[in-house]
Amino acid sequence: MRSVPAALVLGFTLSGVSFAAPATAESSSEAPTLTKDSINNATFREAEDATKDGAPKGRTKGKADRSNMKAEPDTKRPDPLLVKVQVLLDRARFSPGAIDGRDGENLRGALKAYASAQGLPAEGKVTRAVFDRLQATSQDPVVTDYAITDADVNGPFVEKMPAKMEEQADIGPMRYTNNREMLAERFHMQRDLLSALNPGVPLDKAGGTLIVAAVPPTGSGKVEGVPLAPKVSRIEVDKETKRVRAFGEDGTLTADYPASIGSSEKPAPDGTAKVKAVAFDPWYTYNPKYRFKGVKTNRKFSIHPGPNNPVGLVWIDLSIESYGIHGTPEPEKIGKTESHGCIRLTNWDARDLASRTVKGAKVEFLDR
């Protein structure tokens, strides 16, 4: 495996969680019913014109039907329709980040990007036109059953992940901390959504059945036959929208991902660069000259590969020294936190981009 230099990435912490899928504390009698059928059968319905009943136009009279999309989605509870929309966006490679069934900046960014690519108004919300276009992309269920295996239960896992990077060098392979984290990331999901979909299902016993997002599972190791189609010859890193866009040789937009891009302390670079190489399951090598906040040692050290490696499952090396596009040990924070200069994607998005990017691809950093 190739060792990559210490990227300018944000320090992170990982906390352990229990080996069970409890119902979330946010559940209530008013929450939408979150089941496999309610998600797969979710439909978009426009608000009815209730002016004849004296209500303002665009508002419905009486109790709202929570199985349908509201003008202002409830950001506190997973919504069946938003789960469906996020899975369809993920499949279309307009990534919403970790699928959580909630409204948020990553979802709005994905909706804007998808609508714009389809020649529709980029409003950043679910509309009739956007929903119909997304639903037409696939008739397959958006959530499906998954049987927990012995391998899922037995791991191995890292029982306790040190917060300090220099201590992580002694851990060995940077595996998941438990199977809840592993299963959520495998199916591109937020851990809380995995729990909300599977209340009471024990994750420490093989044979149980989980409801999961029906997306290509996050893999590991080298991807054979790269670059895969559609090949990516140009990448845009948009600092304003916090999105990374991939383009084919003919200029066609092929994918759009949420990203954490630099910080005020250590901003991402300007101008253009080129992709020098791609490393799957990379080692992480820390160089003391970067003086990362929270790293006290003055010695060089290396951290083993794995999903909880500081650069996740992928390193896309750029022609600007020490900068790259890479994965992350904390996919749920992508687009919501800063990085130390580099461009972070979820592990599944980073693997998707890396598996399609040609050597020498142009990378443009945009400030607009």
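Before reading on, note that the structure itself is shown above.
As the structure is a prediction and not an experimental result, all values here were calculated from the model.

> What is the right way to look at the pairing of strand β6 (residues 232-238) in this model?
Looking down a regular strand, the side chains alternate between one sheet face and the other. Counting buried positions along β6 yields five of seven residues, so the element is predominantly enclosed. In this structure, β6 lies alongside strand β16 (residues 357-366), joined through six bridges in parallel fashion. Each bridged residue has a counterpart across the sheet, and for valine 232 the counterpart in β16 is threonine 357. Alignment of β6 against strand β7 (residues 243-247), held across five bridges, turns out to be antiparallel. Pairing of glutamate 236 across the sheet is with arginine 245, part of β7.

> What is the right way to read the side chain of aspartate 349 from this model?
Position of aspartate 349 relative to the elements: it lies in helix α9 (residues 347-356). Every residue in contact with aspartate 349, bar those within four places of it in the chain, is listed here: Ser95, Tyr257 and Pro258.

> I keep staring at the packing of aromatic side chains and nothing clicks. Help me out?
We describe a pair of aromatic rings using the distance from one ring centre to the other and the angle between the two ring planes. Enumeration according to the criterion identifies four aromatic pairs in this entry. Ring centres 5.0 Å apart and planes at 20° place the aromatic pair tyrosine 286 and phenylalanine 301 in the stacked group. With a gap of 15 residues between them, tyrosine 286 in strand β11 (residues 283-286) and phenylalanine 301 in strand β12 (residues 301-303) connect regions that are remote in the sequence. Neither tyrosine 286 nor phenylalanine 301 differs from the other in exposure class; each is buried. The cationic tip of arginine 234 hangs over the ring face of phenylalanine 247; the distance from NZ or CZ to the ring centre is 4.1 Å.

> What is the right way to look at the nonpolar core in this model?
Burial of nonpolar side chains together is a common tendency in soluble globular proteins. Counting residues in each nonpolar core, the largest one holds 47 residues, and the members touching the most others are Val83, Val85, Leu89, Leu183, Met189 and Leu210. Counting only elements with at least two residues in this core, the list comes to α2 (80-91), α3 (105-117), α4 (128-135), β3 (143-147), α7 (179-186), α8 (191-197) and β5 (209-213). Sorting elements by how many residues they give to this core places α2 first, with seven residues. Within the second largest apolar cluster, 28 residues are counted, among which are Val232, Ala255, Ala268 and Ile343.

> Looking at this structure, I do not really get the sheet that holds strand β14 (residues 324-326). What am I missing?
Pairing between the strands of a sheet is mediated by backbone hydrogen bonds and can be parallel or antiparallel. Taken together, nine strands build an open sheet; the order of strands is β8-β7-β6-β16-β10-β13-β14-β15-β9 and the sheet is mixed. With one partner strand each, in any of the chains shown, β8 (253-258) and β9 (260-261) form the two edges of the open sheet. Bridging between strand β10 (residues 271-280) and strand β13 (residues 314-318) involves five bridges; their strand directions are antiparallel. Bridge assignment links alanine 279 to a residue of β13, and that residue is tryptophan 315. On the sheet, α9 packs against β6, β7, β8, β10, β13, β14 and β16 and is oriented at approximately 50° with respect to β13.

> Is there a simple way to explain the environment of aspartate 349 in this structure?
Its relative accessible area of 5% is what places aspartate 349 among the buried residues. Along the chain, aspartate 349 and proline 331 lie 18 residues apart, while their C-alpha atoms are 9.8 Å from each other. Among the polar contacts listed, one links the side chain of aspartate 349 to the side chain of serine 95, at a separation of 2.7 Å.

> So what exactly am I meant to see when it comes to the packing of α3 against α4 here?
When two helices pack together, their arrangement is given by the angle between the helix axes and by the axis-to-axis distance. Their axes nearest at 11 Å, the elements α3 and α4 cross at an angle of 80°. With respect to α4, the element α3 is oriented roughly perpendicular. Across the interface between the two elements, Leu111, Tyr114 and Ala115 of α3 pack against Val130, Arg133 and Leu134 of α4.

> What am I meant to see in α3 here?
Each turn of an α-helix holds 3.6 residues, which means side chains three or four residues apart point in the same direction. In this model α3 runs 18 Å from its N-terminal to its C-terminal C-alpha over 13 residues, within 8% of the 18 Å that 1.5 Å per residue would give. Within the span of α3, buried status applies to Asn106, Leu107, Gly109, Ala110, Leu111, Ala113, Tyr114 and Ala115. The inward-facing, buried residues of α3 abut α2, α4, β7 and β8. In the stretch just after α3, glycine 119 is the one whose phi turns positive, near 75°.

Reading the values: rules and limits
- Residues numbered from 1 in each chain as written.
- Predicted model: local features only at pLDDT ≥ 70, side-chain atom pairs only at ≥ 80, totals over all residues.
- Heavy atoms only, no water.
- Buried < 20%, exposed > 50% of the residue type's maximum accessible area, 1.4 Å probe, protein only.
- Helix = DSSP H or I, 4+ residues; strand = E, 2+ residues; numbered from the N terminus.
- Pairing = 2+ DSSP bridges.
- Contact = heavy atoms within 4.5 Å.
- Phe/Tyr/Trp six-rings, centres within 6.5 Å; stacked < 30°, edge-to-face > 60°.
- Lys NZ or Arg CZ within 6 Å of the ring centre and 35° of its normal.
- Core = buried A, V, L, I, M, F, W, Y, C linked by side-chain atoms within 4.5 Å.
- Axes fitted to C-alpha atoms, helices over the stretch in contact; angles between N-to-C directions.
- Polar contact = N/O pair within 3.5 Å; in protein donor to acceptor, adjacent residues only side chain to side chain.
- Parallel < 35°, antiparallel > 145°, perpendicular 65-115°, else oblique.
- Expected span 1.5 Å × (residues − 1).

Remember that the coordinates give geometry; whether it matters functionally is a separate question.
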